[in-house]
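A structural walkthrough
These are the residues of each chain, in order.
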Amino acid sequence: MFRSMKSRPFSFCSAIAAVFTICLGSSVSFGQVRPDKDSIKHKAQVEAVLSKMTLRQKVGQLFVVEISRNPSPKTKAYQNSLVKDYGLGNVILMGGSIREFLQRMDELQALAEIPILVATDGEWGAAMRFTEYLPYPRQAQLSRIEKNPEKLLYKMGRNVGKELKDINVLVNYAPVADVSKHYIDYPSLRTFSGDQHLVSALATAYMKGMQDAGIYACGKHYPGHGGTRADSHFELPVILNSKAYMDTVDLCPFQNLIDNGLEMMMLAHISVPAIDPSGIPMSISGTLINDVLRGEQGFKGVVITDAIAMAGLTNENRTPVEAVLAVFKSGSDMILMPDEPVKCIEALAKAIEEGELSVEELDSKVRKVLMLKARAGYFEDGYSPRVKNLDSKIAAARRRDFRLIKKMNRLMKKSSKPYPDLKPKGPDVTLIFDKPGQ
């Protein structure tokens, strides 16, 4: 049962109990993501929960909101209300002390009728957001490894997955599967290569490692951000490649991720007229989402936008509410980091109440989110607020990471491939350690 609901008479508990009279099977402990994505048991759990949800609770399940690790009283009250009154379903942790985040998440999970799914960005490891861990080399650097790179990327994914699962994070918004001709420059350190086949192999290996550690991976930035140096945080990039080129190059790594069981896909705020002649951002293009991603490429998982407050989506004077409505209408399942989330939830619920948007479409999206939670054991054991032996887990993770990072750096030094240019801005991210724990 949901740990936070044991003292409540609310009917979610009885609904889940009813499922167990139908579905027999061994218990799934928290954090053990099951590979059987659509088992009869999990479907029954999802339907039982869905049948008891209010409209606003359903809408709240689609949103992913950034949670402050040490919020002001005003921010804390706002976040608490999002969870308690609006059924916020998902959060993203953006950086800071693990202990502070764990304490804050325990508080929020205690308020939640349905446990919250926790995500972060760990493109080059959990250290991308949590300084307690050791940072791996960036993607463009890793592509220089010429001896067994896929094996090493798989181990990296598994290590990162273990670290995240240790702190109750079950979604990693990675791997980056963009194919960039500029990958040896600093702005494109997030991309593995300009070779779509190498990107495909390394991104898939990283994904598989995370999946085998019990983490949901998320490919990004679909349909491929590598054709431009423009930053969608500040403007709408326009990619003028032909559809045939996109099929052969940019979509290739994403297809391989899909074929190997990718569970989530993040949409880019870019314009690709060859895919959608209207020129609108791909993140709100029904043509891209329904015809290309779900149709041509056969993706059946969860579709999520990149952060919708980014200028690539909002620079056409879209308000936060307009952006959210456009995202819902175009076919995405989850909405990442909107401004004014309460106002957005209310507006989306109102549009459904008034018949502007379909409740059937809402239920379809919510089922996908709840299925991620069902497979994680949320509807059996709930969220466990206690992370035991955190210090020893971090120390063990640092030892694992140190050994692998040291090996990666040794192989990169032997590489004949060009070294990424780190000089324009930012710190040198090369990692050579003399001893573990440095």
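None of these values were measured; they are calculated from a predicted model. (Residues numbered from 1 in each chain as written. Predicted model: local features only at pLDDT ≥ 70, side-chain atom pairs only at ≥ 80, totals over all residues. Heavy atoms only, no water.)

Our focus in this paragraph is the overall build of the protein chain. Along the protein chain, the regular secondary structure elements total 16 helices and eight strands. Counting over 438 residues, the protein chain shows a buried share of 59%. Once local pairs closer than 6 in sequence are excluded, the contacts in the protein chain between residues at least 24 apart make up 81%. Surface accessibility of the protein chain: about 17200 Å² in total, with carbon and sulfur atoms responsible for 51%. (Helix = DSSP H or I, 4+ residues; strand = E, 2+ residues; numbered from the N terminus. Buried < 20%, exposed > 50% of the residue type's maximum accessible area, 1.4 Å probe, protein only. Contact = heavy atoms within 4.5 Å. Areas by Shrake-Rupley, 256 points an atom, 1.4 Å probe, with all protein chains shown as cover.)

Here the focus is the pattern of salt bridges. Tallied over the entire structure, the rule returns 20 salt bridges. Here Glu380 makes a salt bridge to Lys41, at a shortest N to O gap of 3.5 Å. Of this pair, Glu380 sits in the loop between helix H15 (359-375) and helix H16 (390-413) while Lys41 is found in helix H2 (residues 40-50), placing the two residues 339 residues apart along the sequence. A residue is classified by how much of its surface remains accessible, and Glu380, at 10% relative accessible area, is buried. On the basis of relative accessibility, which here comes to 13%, the residue Lys41 falls in the buried class. Note that Glu47 is salt-bridged to Arg367, the shortest N-O span being 2.6 Å. Of the two residues, Glu47 sits in helix H2 while Arg367 sits in helix H15, which places them 320 residues apart along the sequence. Residue classification places Glu47 among the partly exposed residues on the basis of a relative accessible area of 35%. Residue Arg367 is classed as partly exposed on the basis of its relative accessible area, which comes to 33%. Overlapping salt bridges, with partners in common, bring together Asp121, Glu123, Arg129, Arg190 and Lys220 in one network. (Salt bridge = Lys/Arg side-chain N within 4 Å of Asp/Glu carboxyl O.)

For the rest of this paragraph, the subject is the nonpolar core. Of all hydrophobic cores here, the largest spans 132 residues; its most connected members are Phe63, Tyr173, Met264 and Leu348. The biggest single contributor to this core is H16, with nine residues. Not counting residues within four places of it along the chain, the set of residues in contact with Leu348 comprises Val59, Leu62, Phe63, Val324, Leu325, Phe328, Ile335 and Leu357. (Core = buried A, V, L, I, M, F, W, Y, C linked by side-chain atoms within 4.5 Å.)

One way to put it is that H2 packs onto H15 with a least axis distance of 9 Å and a crossing angle of 125 degrees. By the criterion of interaxial angle, the relationship of H2 to H15 is oblique. The interaxial crossing formed by H2 with H15 has right-handed handedness. Facing His42, Lys43, Gln45, Val46, Glu47, Val49 and Leu50 of H2, the residues of H15 in contact are Asp363, Val366, Arg367, Leu370, Met371, Ala374 and Arg375. A per-class count over the contact of H2 with H15 returns seven nonpolar, two polar and five charged. (Axes fitted to C-alpha atoms, helices over the stretch in contact; angles between N-to-C directions. Parallel < 35°, antiparallel > 145°, perpendicular 65-115°, else oblique. Left-handed = near helix turned anticlockwise from the far one by under 90°. Nonpolar A, V, L, I, M, F, W, Y, C, P; charged D, E, K, R; others polar.)

Running from N to C, helix H4 (residues 73-86) and helix H5 (residues 98-111) cross one another at 40 degrees; their axes reach a closest spacing of 8 Å. Overall, the two elements H4 and H5 adopt an arrangement that is oblique. Both H4 and H5 take part in a crossing whose hand is right-handed. Along its contact with H4, which presents Lys76, Gln79, Asn80, Val83 and Lys84, the element H5 presents Arg104, Glu107, Leu108 and Leu111. Residue composition of the contact of H4 with H5, by class: three nonpolar, two polar and four charged.

In this structure, Asp333 sits in the loop between helix H13 (320-330) and strand E8 (335-336). Engagement of the side chain of Asp333 in a polar contact is seen with the side chain of Arg294, the distance being 3.0 Å. There is a polar contact of 3.4 Å between the side chain of Asp333 and the side chain of Lys368. In this structure Asp333 touches Leu62, Arg294, Gly301, Val302, Val303, Lys365 and Lys368, once residues within four positions along its chain are discounted. (Polar contact = N/O pair within 3.5 Å; in protein donor to acceptor, adjacent residues only side chain to side chain.)

Attention shifts here to the confidence of the model for the protein chain. Averaged over all residues, the pLDDT of the protein chain equals 86, while 85% of them reach at least 70. When the criterion is pLDDT under 50, residues 423-438 qualifies, and its contacts beyond four places in sequence or with other chains add up to 28 contacts. (pLDDT = per-residue confidence, 0-100.)

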